[in-house]
Amino acid sequence: MTPEEFWAIWQQSEPEVKPVTYRLYYNDHGDPLFYSTEDQPGNYIEIDQETFNASAWSIETFWSEFSQRNRYYLALNDENKELIGFGGIAFNGSDCDLQTMVIKKEHQGKGFGTKLLDELLLKVSKQKSQRVFLEVVSDNEKAINLYKSKNFQQVAKRANYYPNGKDALIMQ
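Residues numbered from 1 in each chain as written. Predicted model: local features only at pLDDT ≥ 70, side-chain atom pairs only at ≥ 80, totals over all residues. Heavy atoms only, no water.

1. Describing the packing of aromatic side chains
Aromatic ring pairs are defined here through the distance separating the ring centres and the angle between the ring planes.
(1) Moving on: Counted according to the given criterion, the structure contains two aromatic pairs.
(2) Moving on: Here Tyr147 and Phe152 contribute two aromatic rings whose centre-to-centre distance is 5.9 Å and whose plane-to-plane angle is 65°, an arrangement assigned as edge-to-face.
(3) Moving on: Ring geometry for Tyr161 versus Tyr162: centroids 5.1 Å apart, planes at 85°, classification edge-to-face.
(4) Moving on: Exposure remark for Tyr161: the relative accessible area of 39% places this residue in the partly exposed category.
(5) Moving on: Looking at Tyr162, the relative accessible area reads 13%, which means it is buried. (Phe/Tyr/Trp six-rings, centres within 6.5 Å; stacked < 30°, edge-to-face > 60°. Buried < 20%, exposed > 50% of the residue type's maximum accessible area, 1.4 Å probe, protein only.)

Here's what the structure looks like:
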């Protein structure tokens, strides 16, 4: 199923199931600006597939994620309002999980991941969650270093977790 076909089906679904995400824009001074919107999941799917390849989420996973009431997603846009990344959190009682965080490859290494993670962690703080968990591919040094810079530590490892046989590090 293509993203366009998925979106056509999505538009036919009940209104209360449609995703509401918050797009995150930055002004010329790097200050975040928000507005609420309904988004086409196709944009998310394309970025996820380009970045994660075999371990990218399926259309069904996106459908499930965006329709859950305990989820919070941010979309990161550049100055041209082009979607360049996104991240989401699942709130589960006093704990929460960073479900995904992705920045388009051509925008990586420019501080966008840090800004997006900071905004997600701000929401965690406002929700008064006590612990945040995430998983990351064991050889994704950029992401691991980003998470370590925010005081995440490895608490476990899942061997051969991803479809390509790579391990997942569980961080808290």
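There's more to say after this.
2. Here's the deal with helix 5 (residues 141-149)
(1) Moving on: Looking at helix 5, one finds that the buried residues are Ala143, Ile144, Leu146 and Tyr147. Along the long axis of helix 5, the arc covered by the buried residues comes to 160°, so they all point the same way. Residues of helix 5 that are exposed and point more than 90 degrees away from the buried face comprise Lys142 and Lys148.
(2) Moving on: Following helix 5 by one or two positions, Asn151 has its phi on the positive side, about 70°. (Helix = DSSP H or I, 4+ residues; strand = E, 2+ residues; numbered from the N terminus. Arc of directions from axis to C-beta.)

3. Remarks on the nonpolar core
A general feature of soluble globular proteins is that nonpolar side chains tend to end up buried together.
(1) Moving on: In terms of nonpolar packing, the biggest core is built from 25 residues, with Leu98, Met101, Leu120, Val136 and Tyr147 touching the most fellow members.
(2) Moving on: Sorting the residues of this core by element identifies strand 3 (71-77), strand 4 (83-92), strand 5 (95-103), helix 4 (112-126), strand 6 (131-137), helix 5 and strand 8 (168-171) as the ones contributing at least two each.
(3) Moving on: When residues in this core are grouped by element, the largest group, five residues, is from helix 4.
(4) Moving on: Ignoring anything within four residues of it in the chain, the contact list for Leu98 reads Gly88, Ile89, Leu117, Leu120, Phe133, Leu134 and Tyr147. (Core = buried A, V, L, I, M, F, W, Y, C linked by side-chain atoms within 4.5 Å. Contact = heavy atoms within 4.5 Å.)

4. Topic: the pattern of salt bridges
Two side chains of opposite charge can pair, provided their charged atoms sit close to one another.
(1) Moving on: Considering all chains together, one arrives at six salt bridges under this definition.
(2) Moving on: The residue Lys150 makes a salt bridge to Asp118 at a minimum N-O spacing of 2.7 Å. Within this pair, whereas Lys150 is found in the loop between helix 5 and strand 7 (154-158), its partner Asp118 is found in helix 4, the two being separated by 32 residues in sequence.
(3) Moving on: Put simply, Asp139 and Lys166 hold a salt bridge, and the shortest N to O gap is 2.7 Å. (Salt bridge = Lys/Arg side-chain N within 4 Å of Asp/Glu carboxyl O.)

5. What about unusual backbone geometry?
(1) Moving on: Phi is positive for Lys128, which is not a glycine, with a value near 60°.
(2) Moving on: Along the chain, Lys128 turns up in the loop between helix 4 and strand 6.
(3) Moving on: A positive phi angle, close to 50°, is found at Asn160, a residue other than glycine.
(4) Moving on: Relative to the helices and strands, Asn160 is located in the loop between strand 7 and strand 8.

6. Side note on the environment of Phe66
(1) Moving on: Mapped onto the secondary structure, Phe66 falls in helix 3 (residues 59-67).
(2) Moving on: The buried category is assigned to Phe66, whose relative accessible area is 8%.
(3) Moving on: In this structure, the C-alpha to C-alpha distance between Phe66 and Gly88, residues 22 residues apart in sequence, is 9.3 Å.

7. Thoughts on the pairing of strand 6
(1) Moving on: Among the seven residues of strand 6, five are classified as buried, and the element is accordingly described as predominantly covered.
(2) Moving on: As judged from the four bridges shared by strand 5 and strand 6, these two strands associate in the parallel manner. Bridge pairing links Asp97 to Phe133 in strand 6.
(3) Moving on: Viewed along the sheet, the connection from strand 5 through helix 4 into strand 6 turns out right-handed. (Pairing = 2+ DSSP bridges. Right-handed = clockwise from strand over helix to strand, strands pointing away.)

These figures capture arrangement, not role.
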